[in-house]
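If you want the building blocks of each chain, they are given just below.
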Amino acid sequence: MMNEGPAVTTDAGAGERVGRAREWIAEARRVTVLTGAGISTDSGIPDFRGPNGLWTRNPLAEKASTLEHYLNDPLVRQAAWQNRLVSPAWQAEPNAGHRALVELERTDRLVALVTQNIDELHQKAGHDPAKVIEVHGTMWWSRCWRCQDRRPMHEAVERVRQGDPDPHCLACGEGILKSDTISFGQALVPEVIEAALVAAEACDVLLAAGSSLSVFPAANIVPRAKAA
């Protein structure tokens with residue numbers, strides 16, 4: 001065989017650990033799942049902090065994810081709207097990871113699916129929306145920062161496509177529009193994070209998939225589940 005690069009090192013214990021995790025899930029009566037951006041990368045949606053992550057390749061995109069910058073800098077908002085125009089999430093389809101979690105729900109053992117993602121691919125894969133707890137909101141809706149008017153995001157995106165670089169609220173006429181997601185510097189919805197923590201306390205097994213577990217308070221469900 002030709003030597004085309006460095007040898008791939010395999011972890012001899014990985015199979016054993018995966019097998020043990022499989023047993024835990026198979027034996028559990030109540031499973032809560034936490035998902036992050038990594039579960040959607042196979043659907044063509046880049047993660048944020050990875051080598052090819054959105055923020056790694058485009059620091060301005062990270063700036064647009066900070067509430068203070070988004071609200072106070074029209075250029076940041078305009079860049080954010082241009083990114084929304086071409087986001088791969090609009091055409092993304094659920095992948096095998098999403099579908100596997102739907103199969104778990106069909107065994108009637110899923111307490112809840114807590115997700116840090118905003119792409120709604122879990123619902124698109126077939127999850128009961130009532131089981132999905134979106135701690136960081138959803139990109140599929142816009143919300144006015146002034147009057148809280150909430151509308152389908154495609155309406156605002158179409159206005160950008162028609163030439164408005166920074167569309168404002170149609171209801172109050174003045175408010176800044178942003179996606180109905182939680183930005184850095186923005187408080188989580190108390191009822192939503194509380195539901196996630198309750199789901200963590202109610203499970204036999206917590207399965208974390210595609211998350212670096214570095215974003216709090218969402219990552220708090222891991223120690224909360226362990227303590228329970």
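Residues numbered from 1 in each chain as written. Predicted model: local features only at pLDDT ≥ 70, side-chain atom pairs only at ≥ 80, totals over all residues. Heavy atoms only, no water.

Participant: Even after reading the chapter, I still don't get the pattern of salt bridges, so can you show me in this structure?
Facilitator: Once the charged atoms of two side chains with opposite charge are near each other, the side chains can pair. Within the structure shown, the criterion is met by 13 salt bridges. Counted as one network, the salt bridges with shared partners bring together Arg29, Arg30 and Asp204. (Salt bridge = Lys/Arg side-chain N within 4 Å of Asp/Glu carboxyl O.)

Participant: I tried to follow the side chain of Asn95 on my own but got confused; where do I start?
Facilitator: Along the polypeptide, Asn95 turns up in the loop between helix 5 (74–85) and helix 6 (96–105). Of note is the side chain of Asn95, whose polar atom sits 3.0 Å from the side chain of Ser43. (Helix = DSSP H or I, 4+ residues; strand = E, 2+ residues; numbered from the N terminus. Polar contact = N/O pair within 3.5 Å; in protein donor to acceptor, adjacent residues only side chain to side chain.)

Participant: What is the right way to look at the sheet that holds strand 5 (residues 150–152) in this model?
Facilitator: Strand pairing within a sheet occurs via backbone hydrogen bonds; the two strands may be parallel or antiparallel. The three strands lie next to each other as 5-4-6, forming an open sheet whose pairing is antiparallel. Sheet topology places strand 5 and strand 6 (177–181) at the edges, where each strand pairs with a single neighbour. Adjacent strand axes in the sheet meet at a mean angle of 45 degrees when their direction is disregarded. The pairing of strand 4 (residues 137–144) with strand 5 spans three bridges and is classified as antiparallel. Note that in strand 5 the partner of Trp141 across the bridge is Pro152. Against the sheet, helix 8 (residues 153–161) contacts strand 4, strand 5 and strand 6, and its axis sits at roughly 70 degrees relative to strand 5. (Pairing = 2+ DSSP bridges. Axes fitted to C-alpha atoms, helices over the stretch in contact; angles between N-to-C directions. Contact = heavy atoms within 4.5 Å.)

Participant: Before we go on, may I ask you to explain the packing of aromatic side chains in this structure?
Facilitator: The geometry of an aromatic ring pair comes down to the distance between the two centres and the angle between the two planes. In the structure shown here, the tally under the stated rule is one aromatic pair. Across the ring face of Trp81, the terminal group of Arg84 is positioned such that the distance to the ring centre comes to 4.2 Å. (Phe/Tyr/Trp six-rings, centres within 6.5 Å; stacked < 30°, edge-to-face > 60°. Lys NZ or Arg CZ within 6 Å of the ring centre and 35° of its normal.)

Participant: How should I be thinking about the pairing of strand 6 in this particular structure?
Facilitator: Regular strands place their side chains on alternate faces of the sheet. Of all five residues that make up strand 6, five are buried, and the element is covered over most of its length. Alignment of strand 4 against strand 6, held across five bridges, turns out to be antiparallel. Residue Thr138 lies in a different strand from strand 6, and its bridge partner there is Asp180. (Buried < 20%, exposed > 50% of the residue type's maximum accessible area, 1.4 Å probe, protein only.)

Participant: Can you help me understand the nonpolar core in this one?
Facilitator: Most often, soluble globular proteins have nonpolar side chains that are buried together. Membership of the largest hydrophobic core comes to 21 residues, with the highest contact counts inside it found for Tyr70, Trp81, Met153 and Leu177. At the level of secondary structure, the elements contributing two or more residues to this core comprise helix 4 (67–72), helix 5, strand 4 and helix 8. Per element, the largest residue contribution to this core is four residues, and it comes from helix 8. Look past the residues within four positions of Tyr70 in its chain and what remains in contact with it is Ala64, Val76, Arg77, Ala80, Trp81, Arg84, Ile176, Leu177 and Lys178. (Core = buried A, V, L, I, M, F, W, Y, C linked by side-chain atoms within 4.5 Å.)

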